[in-house]
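What follows is each chain in one-letter form.
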Amino acid sequence: MAFDQGLSHRFEIKGGDFAKAGRVSLEVKEILHDLGIDPVIARRVAIVSYEAEMNVVMYATRGEMVLQLDPEAIRIVLEDEGPGIRDTEMAMREGYSTATEQMREMGFGAGMGLPNIKKNADRFELTSEVGKGTCCRIVIHLSPGGRA
Amino acid sequence: MTLKEIVEGLGLRALTTHECEDRQVTGGYTSDLLSDVMANARPGNLWITLQIHQNIVAVARLKDLAGIVVVNGRRPDDETLRRADAERVAVLGTEDSAFRVSGRLHRLLGDS
């Protein structure tokens, strides 16, 4: 495959910029499409990257997403600067959300974002420091041993 | 069934201009929650919603949806429609409620 040696892409995400929200995930989707990644895997990546991106748009000041590909896996690391998450265990619960009324009216804040990431990732690690920011590490396997 | 046949069958109004009428529609998904659509809609589904802000375009593209049906006579702003055209996402309008258009689509497509 074209990424035998591994590939890495870096994207900047601006907090609060709803007009551009989803752009990074669309770019990720294009990259995976161009590399001929299995559409079933690409769809799982689209879900996790979108949810992770939206979390930055909704809650953080800024964030950076790094997409790494090697023959075994797709890895996404998203680090943001923002308020952080006080209770990551609670944040992972289906239905739990701290979204504002305005975000809810737009159809966000259903408390499904992080659970969606967990369901679609082979590995998902969430760490956060209150007042500093949050880090998401996501792995989706490409190999037959993965969940594809 | 193609998008064109559904547009005609349900009397939907095209709000975007690009040609994607040959697109096969695999079913429908009705929801106003974007994460729900991300999690549960399937490729080729027609998404029925009252949401009209720009983010619906990215969701439809990311999920490879056949198009978006905006209900209750609502209309996305011009910027959203421009973006939908640029991303080749069909946006259709109806005066029907989400319940009614979902029922009519279900009747057309069967239990998909």
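Report follows, based on the coordinates. Values in this document were obtained by computation on a predicted structure and should not be read as measured data.

## A closer look at the nonpolar core
Counting 65 residues, the largest nonpolar core has A:Ile74, A:Phe108, A:Phe124 and A:Ile138 as the members making the most contacts within it. Examining the composition of this core, we find that twelve residues originate from one element, helix α2 (residues 39-59) of chain A, more than from any other. When sequence neighbours within four positions are dropped, the list of residues in contact with A:Ile74 reads A:Leu32, A:Ile37, A:Ile41, A:Val45, A:Leu67, A:Gln68, A:Leu69, A:Ile138, A:Val139, A:Ile140 and A:Leu142. Core analysis: the next-biggest nonpolar cluster, separate from the first, contains 16 residues, B:Cys20, B:Val71, B:Val101 and B:Leu105 among them.

## A closer look at the interface of chain B and chain A
Tallying the contact residues gives 21 residues for chain B and 23 residues for chain A. Each partner contributes to the roughly 1,900 Å² buried at the junction of chain B and chain A, and carbon and sulfur atoms together form 56% of this total. Looking only at chain B, the three residues that lose the most surface to chain A are B:Ser35, B:Asn55 and B:Leu62, adding up to 31% of its buried area. Put simply, chain B and chain A have two salt bridges between them. Applying the counting rule to chain B against chain A returns twelve residue pairs in polar contact (both at pLDDT 80 or more). Going through the elements one at a time, α2 (34-40) and α3 (55-62) of chain B are the ones with two or more residues in the side of chain B that touches chain A. Of all the elements, α2(B) adds the most residues to the side of chain B that touches chain A, at six residues. Of the residues that constitute the side of chain B that touches chain A, the class distribution is eight nonpolar, six polar and seven charged.

## Section: the side chain of B:Thr80
Note that B:Thr80 resides in helix α4 (residues 78-86). Those residues in contact with B:Thr80 that sit more than four places away from it in its chain are B:Ile52, B:His53, B:Gln54 and B:Val57.

Definitions and cut-offs
Residues numbered from 1 in each chain as written. Chains lettered and ligands numbered in written order. Predicted model: local features only at pLDDT ≥ 70, side-chain atom pairs only at ≥ 80, totals over all residues. Heavy atoms only, no water. Core = buried A, V, L, I, M, F, W, Y, C linked by side-chain atoms within 4.5 Å. Buried < 20%, exposed > 50% of the residue type's maximum accessible area, 1.4 Å probe, protein only. Helix = DSSP H or I, 4+ residues; strand = E, 2+ residues; numbered from the N terminus. Contact = heavy atoms within 4.5 Å. Buried area = accessible area lost by both parts, 1.4 Å probe. Salt bridge = Lys/Arg side-chain N within 4 Å of Asp/Glu carboxyl O. Polar contact = N/O pair within 3.5 Å; in protein donor to acceptor, adjacent residues only side chain to side chain. Nonpolar A, V, L, I, M, F, W, Y, C, P; charged D, E, K, R; others polar.

Don't take any of this as a statement about function, it's just geometry.
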